[in-house]
Amino acid sequence: MVALANLLSTSVHWHGVSQMGTNNMDGVNGVTECPLAPGQSKTYTFLATQYGTTWYHSHFSSQYGDGVLGPIVINGPASQNYDVDLGVLPITDWYYTAAQQLDYRLAPTGNLPPVADNGLINGTMVGPSGSGGKYNVNTMQAGKTYRLRLVNTAVDNHFRVSLDGHLMTVVQADFVATEPYTTDWLFVAIGQRYDVLIHANQTVGNYWFRAQVQSLCGDNANSSKLHQSRDEFIANTMQTTSSLSSRTRVHQAATLTHLQAITPRAVMT
Amino acid sequence: MGSFSRYLSSFALLLHTLPQLAVARPTVDILTPITPHSAHDQSIRHSAHSSLLLSRSTNCTHSSSDRACWSDGFDISTDSETSWPNTGKTVSYNLEITNTTMSPDGTPVMVFAVNGQYPGPTITADWGDTLSVTVKNSLQYNG
């Protein structure tokens with residue numbers, strides 16, 4: 001373990017946030033500020049002139065791949081009504097080796113980016129071997145409409161996102177409100193945000209929320225492993241209940257390959 | 001310089017240019033349906049629900065049954081690139097970055113966490129609020 005101060009600097013960027021008149025708050029070290037050395041602080045002050053969903057992340061080298069990121073929600077009007085805001089669902093690739101270490105090793109080689117070891121939804125996932133970790137779970141009440149804020153915070157993977165048995169209505173793309181349109185899946189590139197509405201209008205049960213790595217848009221060991229079967233990758237469970245007071249334990253797949261066997265089932269009330 | 005590094009560099013540049021693009025691009029007609037990935041053969045159907053984009057009601061209360069409304073003359077039809085509220089309210093957050101080890105999928109890995117968590121805490125504010133976020137770099141080890 002070696003402490004190299006020049007790898008431990010940072011600055012935090014507010015992705016997609018307009019900084020008209022506050023350019024020095026943009027958080028892009030080397031461009032709008034000097035990086036913050038260990039022990040240093042900086043207060044970033046800016047007006048939220050836009051509304052919707054975005055994220056903040058380190059703009060120092062590849063450091064955000066090591067964890068320096070988080071969601072931003074700016075409440076505002078929406079182009080279609082919904083009942084409940086489920087909040088942000090960050091989706092990312094995940095590496096067992098530090099991003100800055102991979103970056104340093106690869107720089108002189110000319111090789112392609114490494115294959116990601118796994119992917120995370122809202123910072124959690126079952127391990128590629130099927131043990132360890134857990135799926136992220138969201139719960140919806142049948143009949144209600146939910147807003148879900150998707151953000152791809154990955155370093156290299158792009159995702160095709162869908163929820164089994166449900167359609168998604170897009171009401172915002174990045175910080176721009178859209179005429180609502182309905183789709184059964186979305187391609188979410190790195191850094192992109194989509195705000196979608198989901199109507200819990202299907203039979204009460206458990207549904208896989210899927211984020212599949214797309215060919216030529218990054219590679220993921222957890223995806224490759226399953227490619228022969230169905231090219232399924234990472235999943236989050238969206239659980240619907242007949243009422244919020246009747247939550248039941250979510251059916252956890254023992255291994256990722258069991259994803260295919262999962263079918264909606266009634267929840268005991 | 002390797003492709004991974006180049007990739008990151010170009011990505012970093014892209015990230016940096018996004019706010020500028022948002023500022024520089026001409027007025028966006030938000031009434032035009034956005035087709036983000038038509039090349040991907042994505043089936044797009046207009047919602048059966050009526051759009052709220054055309055509605056404008058200044059004397060209204062934002063609610064689950066009137067999401068188009070916001071406040072004081074600002075609503076879904078406002079062009080947020082040229083017009084926005086200023087609430088005069090400041091929302092403050094402290095983000096401290098530290099080294100830690102986490103096991104989000106069962107395998108322990110080194111993480112640079114924000115306030116001890118990954119992903120970092122959600123910053124929440126209202127349209128027109130001022131954000132004041134103090135970032136403290138408390139990183140000590142890179143391995």
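Calculation rules
- Residues numbered from 1 in each chain as written.
- Chains lettered and ligands numbered in written order.
- Predicted model: local features only at pLDDT ≥ 70, side-chain atom pairs only at ≥ 80, totals over all residues.
- Heavy atoms only, no water.
- Disulfide = S-S within 2.5 Å.
- Helix = DSSP H or I, 4+ residues; strand = E, 2+ residues; numbered from the N terminus.
- Buried < 20%, exposed > 50% of the residue type's maximum accessible area, 1.4 Å probe, protein only.
- Contact = heavy atoms within 4.5 Å.
- Pairing = 2+ DSSP bridges.
- Salt bridge = Lys/Arg side-chain N within 4 Å of Asp/Glu carboxyl O.
- Axes fitted to C-alpha atoms, helices over the stretch in contact; angles between N-to-C directions.

A. Structural context of the state of the cysteines. Residues and elements named next belong to chain B. Applying the stated rule across the entire model yields one disulfide over all chains. Here Cys60 pairs with Cys69 through a disulfide, and the sulfurs are 2.0 Å apart. Taking the sign of the S-S torsion, 100° for the link of Cys60 and Cys69, the bridge is right-handed.

B. Region of interest: the side chain of Ser9(A). Here Ser9(A) lies in the segment before strand 1 (12–14). By relative accessible area, Ser9(A) is classed as buried at 9%. Every residue in contact with Ser9(A), bar those within four places of it in the chain, is listed here: Pro35(A), Leu36(A), Ala37(A), Pro38(A), Phe60(A), Gln63(A) and Asn137(B).

C. Up close: the pairing of strand 10 (residues 168–173) of chain A. Residue and element names in this part refer to chain A. Burial runs high along strand 10: six of the six residues are buried. As paired elements, strand 10 and strand 11 (residues 176–183) share five bridges and run antiparallel to each other. For Thr169, the partnering residue across the bridge sits in strand 11 and is Thr182. The turn linking strand 10 back onto strand 11 is made up of two residues, and Asp174 within it adopts a positive phi angle of 55°. Pairing analysis gives four bridges linking strand 10 to strand 13 (residues 193–199), with the strands arranged antiparallel. In the strand pairing of strand 13, Val170 is matched with Val196.

D. Fine view of the environment of Leu8(A). Secondary-structure assignment places Leu8(A) in the segment before strand 1. The class for Leu8(A) is buried, based on a relative accessible area of 2%.

E. Representation of the pattern of salt bridges. All names here are of chain A. Summed over all chains, the structure comprises eight salt bridges over all chains. Among the ionic pairs, Asp195 bridges to Arg147, the shortest N-O distance being 2.6 Å. Here Arg147 lies in strand 8 (residues 145–152) and Asp195 lies in strand 13, a separation of 48 residues in the sequence. For the pair Asp195 and Arg147, a shared accessibility class is recorded, and that class is buried. For Asp174, the salt bridge is made with Arg193, and the minimal N-O distance between the two is 3.4 Å. Here Asp174, found in the loop between strand 10 and strand 11, pairs with Arg193, found in strand 13; they are 19 residues apart in sequence, far enough to count as distant. Classification of Asp174 by relative accessible area gives partly exposed; the value is 26%. On the basis of relative accessible area, Arg193 is assigned to the buried category, the value being 3%.

F. Quick look at the sheet that holds strand 4 (residues 90–102) of chain B. Across the sheet, four strands lie side by side as 2(A)-7(B)-4(B)-5(B); this open sheet has mixed pairing. Both outer strands of the open sheet, strand 2 (41–47) of chain A together with strand 5 (109–114) of chain B, are each paired with one neighbouring strand and no more. Neighbour-to-neighbour, the strand axes of this sheet turn through a mean angle of 20°, independent of strand direction. Across seven bridges, strand 2 of chain A lies against strand 7 (residues 130–137) of chain B in antiparallel orientation. Each residue of the ladder has a partner; that of Tyr44(A), found in strand 7 of chain B, is Val133(B).

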